[in-house]
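Now for the letters of each chain:
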Amino acid sequence: MGSVKKFRAGILLLITTFFWGVTFTVVKDAISKVDVFVFLSQRFLIAAAIMLPFALARTNRVKIKLLTHGSILGVLLFASYAFQTVALKYTSASNTGFLTGLSVLLVPLFGAAIFRHAVGPGIRWGVGLATPGLFLLCTDGSLSFNVGDVLGAICGACVALHLLYTSHFARHADSDVYLLTTLQLSVVGVLSLASALLRGQQVFVWHPELLWTLVVCVLIATIFAFLVQTTMQKWISPAHTALIFCTEPVFAAGYAYYAAGERLGLLGFLGAALILAGMIVSELLPDGAESADSVTVAAEV
């Protein structure tokens, strides 16, 4: 039964990553028209408002522990977006994409240090293939460092911590994934709103040209995606989740080719192949981290 749930979780997380990848071009176009924090505040506040009635209908009372968990996840998720946004001001999109994707390397390292997760051969080989794959796909083989790259690396660390703590909090016996998801979306929305106002931006302004972008991002790339992530990380390890999320730039590149005619070079294709190989190898080889997580699930659920 556990292997079936793990397989289903992997498929749903891959579908989530596909949606994030194909909406990358759409979001990139949107933030060229409005301030990025205006877009993020509208996206996440609307998503939280839609989720709230469903979350409250499923719970009798809101526990302090759940509020704390949702707030931690929200702060980490907002920090990921914020550091990535600022990094893009000082360094290239390719460098930022690669450094953000380094969360695939940081998740098993942080997991071992913070939660004493075991790192099996499947994860080691998967990370070993996916990391150079990210480098080739995102940077086309060249990388020069500046202050923006440091911020990009911090973003990658925030992404890794968000993955780890999502898994940790979702496995608590009294955790409600609907409320946990709603809380973190609310925190991201509020912090994005505060950031936009501090930058002198007007948030509650209707931008008709962003209607369908908001519809797609709110319903699919936010509500569906983060609800799936929070739910499915009960059954799959953070390291495996990070490897699956590595396919986002692969899907983004594929959609950019389809929608905008952008083409990958030979190194880009090689990088995409390495990422996919890393994900497949991680599933085929035994994984000590997964067995350790299964014990945690059995004890807490």
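Everything numeric here is computed off the predicted structure, so don't read it as measured data. (Residues numbered from 1 in each chain as written. Predicted model: local features only at pLDDT ≥ 70, side-chain atom pairs only at ≥ 80, totals over all residues. Heavy atoms only, no water.)

## Quick look at the packing of aromatic side chains
Selection criterion: Centres within 6.5 Å make a pair out of two Phe, Tyr or Trp rings, where for Trp the six-membered ring is used; the pair is then stacked when the planes are under 30 degrees apart, edge-to-face when over 60, and tilted otherwise. A helix here means a DSSP run of H or I that spans at least four residues, while a strand means a run of E at least two residues long, and both kinds are numbered starting from the N terminus.
What the rule picks out here adds up to 11 aromatic pairs. The interplanar angle of 50° and the centroid separation of 6.2 Å between the aromatic rings of F44 and F226 together place this pair among those described as tilted. Here F44, found in helix 2 (residues 36-57), pairs with F226, found in helix 9 (residues 211-232); they are 182 residues apart in sequence, far enough to count as distant. Ring pairs connect the aromatic residues W20, F44, Y81, F226 and F245, which therefore count as one cluster.

## Quick notes on the confidence of the model for the protein
Keep this limit in mind: By definition, pLDDT measures how confident the predictor is in each residue, and it falls between 0 and 100. What makes two residues a contact is simply this: any of their non-hydrogen atoms within 4.5 Å.
Of the residues in the protein, 90% reach a pLDDT of 70 or more, and the chain-wide mean stands at 85. Across the protein, helix 8 (residues 177-198) holds the top mean pLDDT of 95, while helix 13 (residues 288-300) sits lowest at 41. Confidence drops under pLDDT 50 across residues 289-301; counting only partners more than four residues distant or on other chains, this segment forms 18 contacts.

## A look at unusual backbone geometry
Positive phi outside glycine occurs at R116, with the angle close to 60°. Structurally, R116 is set in the loop between helix 5 (103-114) and helix 6 (121-139).

## Quick word on the environment of S3
Using the following cut-off: Exposed residues in this analysis have more than 50% of their type's maximum accessible area, buried residues have under 20%, and partly exposed residues fall in between, with area computed by a 1.4 Å probe over protein chains only.
Within the secondary structure, S3 is located in helix 1 (residues 2-30). Given a relative accessible area of 56%, S3 falls into the exposed group. C-alpha separation for the pair S3 and W235, spaced 232 residues apart in sequence, amounts to 8.9 Å.

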